[in-house]
Number of protein chains: 2
Amino acid sequence: MGRGKIEMKAIENQCNRQVTFNKRRKCLFKKANELFVLCDAQVAVIVFSNTGKLFENASSSMKRILERYSTVSGLQLCQNEYEHMLCEFATHRTENEKLHDKLRHMQGEDLDSLPPSELDHLQQTLELAARKVRDRRVVGLERKWAFLNQGVYENQNGYGQASCEAAVVSPVGNALPLPEFRVQPVQPNLHNTEY
Amino acid sequence: MGRGKIEMKAIENQCNRQVTFNKRRKCLFKKANELFVLCDAQVAVIVFSNTGKLFENASSSMKRILERYSTVSGLQLCQNEYEHMLCEFATHRTENEKLHDKLRHMQGEDLDSLPPSELDHLQQTLELAARKVRDRRVVGLERKWAFLNQGVYENQNGYGQASCEAAVVSPVGNALPLPEFRVQPVQPNLHNTEY
DNA sequence: CCAGCTATATATAATTA
DNA sequence: TTAATTATATATAGCTG
């Protein structure tokens, strides 16, 4: 079409090719639009020039058309991402199951699934943990005791509220880390409200 | 174009519309292909007729073109699925973190983050679990002992390998559930290879 | 609903500015 | 380059079978 018929093969002359590309692309989009208007069709055209530039034309939202296309054609457009996600899911689930199992063992359940050597190790772990918790509770109780004791001591001396300085030099004889205690006093009931 | 110029609006006559749709669609695809051949462009055309039928034409794999489109245009084609996945991920992660925290507490770590009442409960849980594990180990050891004892007994009587029946009627005097033991013998080293 | 036909409308290759 | 011009090639609306 034009002054002369042209062969249907790639146009060698770069300049001519560019000109033809622009003319024909514009026309293609126009025709696509006419199809949409005249025949009430949904049309999407995507063109990448040989220089990599993107041109697009759609009768409505390109996203909607491509989603419809994906649904109708069954083409999974995000297959790679999807499979990657599935893989990560599996990893998470496995990890979760392992943690669950471990927790159950730590609670003395499902012990049948453990070999004796693991049982041995589990018992050691549990006893160590129980000791740590016990120690921790003792420390907490000692602090509480120290706090009460200190209050009694100062009340006995008629000082009313204890100041920080008073606490540092208080005659409580044990080696508890009282300075730290002053900065962050143990307040059980405050913590309880958070759980 | 044709015998007479037509208005650029939807063709009312259903039959005419269908005929025009087919003619124009075919031509659109032809033009798309010419653009591809003449100008070395990548072209994809998607058309849905007003009856919902899908027609498509692409210079190469439609999937590849649409993926390229998605990349270049930044259009997230699977946004809904993607967001749903992200949501599930967050749930999994949260659950994992909770389990992790709980496990650490069960191992006597991070105890500072627990209020005293929880410490109390934790200690009870640990001690109960330790007791269960201890009991279980005792049962295991007793079974082992019974097994050895039984072997000694039968060797003393010159029977060689102990048969199942022999195990059931063996004169081991304790009340251990030996039948179960026979079905699933405790094999520590077999299990060890799996961990 | 398809396939031709044909008169016109469009598209466009080559050319010119 | 890019934009107009123009001679021709295509596309196609309305027919007919």
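Everything below is about the structure printed above this text.
Let me begin by describing the structure that accompanies this report.

Thresholds, definitions, all that
- Residues numbered from 1 in each chain as written.
- Chains lettered and ligands numbered in written order.
- Predicted model: local features only at pLDDT ≥ 70, side-chain atom pairs only at ≥ 80, totals over all residues.
- Heavy atoms only, no water.
- 1 Å grid on protein atoms, 1.4 Å probe; cavity = no way out; pocket = protein on both sides within 12 Å on 5 of 7 lines; lining within 4 Å.
- Points joined across faces, edges and corners; volume = space filled by probe spheres on them.
- Helix = DSSP H or I, 4+ residues; strand = E, 2+ residues; numbered from the N terminus.
- Nonpolar A, V, L, I, M, F, W, Y, C, P; charged D, E, K, R; others polar.
- Salt bridge = Lys/Arg side-chain N within 4 Å of Asp/Glu carboxyl O.
- Buried < 20%, exposed > 50% of the residue type's maximum accessible area, 1.4 Å probe, protein only.
- Near = heavy atom within 4 Å.
- Polar contact = N/O pair within 3.5 Å; in protein donor to acceptor, adjacent residues only side chain to side chain.

**Digging into empty space enclosed by the protein**
A full pass over the atoms with the stated rule returns one cavity of 30 Å³ or more. Considering only enclosed or pocket space, the largest cavity measures out at about 30 Å³ in volume. Every residue along the wall of the largest cavity is listed here: Arg17, Gln18, Phe21, Ser49 and Asn50 of chain A together with Cys39 of chain B. For the lining of the largest cavity, the element with the most residues is helix H1 (residues 14–39) of chain A, which contributes three residues. Split into classes, the residues belonging to the lining of the largest cavity amount to two nonpolar, three polar and one charged.

**What about the pattern of salt bridges?**
Inspection of the entire model under this criterion finds 17 salt bridges over all chains. The closest approach of N and O atoms between Lys63 of chain A and Glu67 of chain A, which form a salt bridge, is 2.9 Å. Placement of the pair is Lys63 of chain A and Glu67 of chain A together in helix H2 (residues 62–73), with a separation of four residues, close to one helical turn. One salt bridge connects Asp120 of chain B with Arg137 of chain A, and the closest N-O pair in it is separated by 3.3 Å. Separated into two different chains, Asp120 of chain B in helix H4 (residues 116–156) and Arg137 of chain A in helix H4 (residues 116–156) make up a pair that spans both. What makes Asp120 of chain B partly exposed here is its relative accessible area of 28%. On the basis of relative accessible area, Arg137 of chain A is assigned to the partly exposed category, the value being 27%.

**Here we look at the protein's contact with DNA strand D**
Close to DNA strand D lie 16 residues; Met1 and Arg3 of chain A together with Gly2, Arg24 and Cys27 of chain B are nearest. Counting only atoms of DNA strand D within 4 Å of the protein, the sugar-phosphate share comes to 71%. In this structure, a phosphate oxygen belonging to DNA strand D sits 3.4 Å away from a side-chain N or O atom of Lys31 of chain A. The side chain of Arg24 of chain B places a nitrogen or oxygen atom 2.7 Å from a phosphate oxygen of DNA strand D. Take the surface near DNA strand D: its biggest share by element is six residues, from helix H1 (residues 14–39) of chain B. For the surface near DNA strand D, the residue count by class is four nonpolar, four polar and eight charged.

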